[in-house]
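Fold and contact review
These are the residues of each chain, in order.
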Amino acid sequence: GALVLSETPLRLGGDVSVVDYTSGGAPGDFAQSLKATGFAVLTNHPIKYSLIEQVYDEWREFLTSGLADQAKYERSMETQDGYFSMARAESAKGQTLQDLKQYYQLYFPRGRYPE
């Protein structure tokens, strides 16, 4: 699932939860939203915005670096981690058309992280 980090409370439709990191029920609420929707909004978290920007910058650089760098991290059939190009993107459940996206699947602690 995806993680959306926010410094301010948001109102969302559907089942995506807005979870206050400082709340006693945060771990369960966060996990439930990820299980139900693949998304959650986390507020009052201790993550500095500068770190979030740094991570986005690193992934933007990797995803725009070209095929030479991306090929080193192409998806592993054994571990199912790595880079998935637009040519290898999946289709949404019940759909025949392939999604127009590229992504990197990473599993901690054993996953491969681009250098």
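As the structure is a prediction and not an experimental result, all values here were calculated from the model.

**Some thoughts on the overall build of the protein chain**
Tallying secondary structure elements over the protein chain gives three helices and five strands in all. Ordered by position in the sequence, the α and β elements of the protein chain form the string β-β-α-β-α-α-β-β. Looking at the protein chain residue by residue over its 115 residues, the buried ones come to 21%. Taking contacts inside the protein chain between residues at least 6 apart in sequence as the whole, the part at least 24 apart equals 42%. As displayed, the protein chain offers around 8500 Å² of accessible surface, 55% of which is attributable to carbon and sulfur atoms.

**Overview of the side chain of serine 85**
Topologically, serine 85 is positioned in the loop between strand E4 (82-84) and strand E5 (103-105). A relative accessible area of 19% places serine 85 in the buried class. With residues up to four places along the chain from it excluded, the contact list for serine 85 reads Lys101 and Gln102.

**Notes on the pattern of salt bridges**
A complete count under the given rule lists four salt bridges for this structure. Note that arginine 60 is salt-bridged to aspartate 57, the shortest N-O span being 2.8 Å. With arginine 60 and aspartate 57 both in helix H2 (residues 49-63), this residue pair falls three residues apart, about one helical turn. In this structure, arginine 112 and aspartate 81 form a salt bridge, with 3.3 Å as the shortest nitrogen-oxygen distance. Separated by 31 residues along the polypeptide, arginine 112 in the segment after E5 and aspartate 81 in the loop between helix H3 (67-71) and E4 bring together distant segments of the chain. Classification of arginine 112 as partly exposed rests on a relative accessible area of 27%. The class of aspartate 81 is buried, set by a relative accessible area of 2%.

**What about unusual backbone geometry?**
Notably, asparagine 44 is not glycine yet its phi reads approximately 55 degrees, a positive angle. If you trace the backbone, asparagine 44 turns up in the loop between strand E3 (41-43) and H2. For glutamine 80, which is not a glycine, the phi torsion comes out positive at approximately 60 degrees. With respect to the helices and strands, the residue glutamine 80 is situated in the loop between H3 and E4.

**So, the packing of aromatic side chains**
Evaluated as defined, the whole model comprises seven aromatic pairs. Geometrically, the ring pair formed by tryptophan 59 and tyrosine 104 is tilted, given 4.9 Å between the ring centres and 45 degrees between the ring planes. With a gap of 45 residues between them, tryptophan 59 in helix H2 and tyrosine 104 in strand E5 connect regions that are remote in the sequence. Among the residues examined, tyrosine 104 registers a relative accessible area of 14% and is labelled buried.

Cut-offs and rules
- Each chain has its residues counted from 1, running along the sequence as written.
- For a predicted model such as this one, the threshold for reporting local features is a pLDDT of at least 70, and the threshold for listing and counting side-chain atom pairs is 80 or more; totals across whole chains, interfaces and linings nevertheless cover every residue.
- Only hydrogens and water are set aside when side-chain values are computed; all heavy atoms of the structure are taken into account.
- Think of it this way: any DSSP run of H or I at least four residues long counts as a helix, any run of E at least two long counts as a strand, and we number them from the N terminus.
- Each residue is assigned to one of three classes by its accessible area relative to the maximum for its type, calculated with a 1.4 Å probe on protein chains only: buried under 20%, partly exposed between the two thresholds, exposed over 50%.
- Two residues form a contact once any of their heavy atoms are found within 4.5 Å.
- Under the convention used here, a 1.4 Å probe and the Shrake-Rupley method define accessible areas, while residue burial counts only the protein chains that appear.
- We define a salt bridge as a contact between a side-chain nitrogen of Lys or Arg and a carboxyl oxygen of Asp or Glu at a distance within 4 Å.
- Any two rings among Phe, Tyr and Trp, with Trp reduced to its six-membered ring, count as a pair given centres within 6.5 Å; such a pair is stacked if its planes are under 30 degrees apart, edge-to-face if over 60, and tilted if neither.

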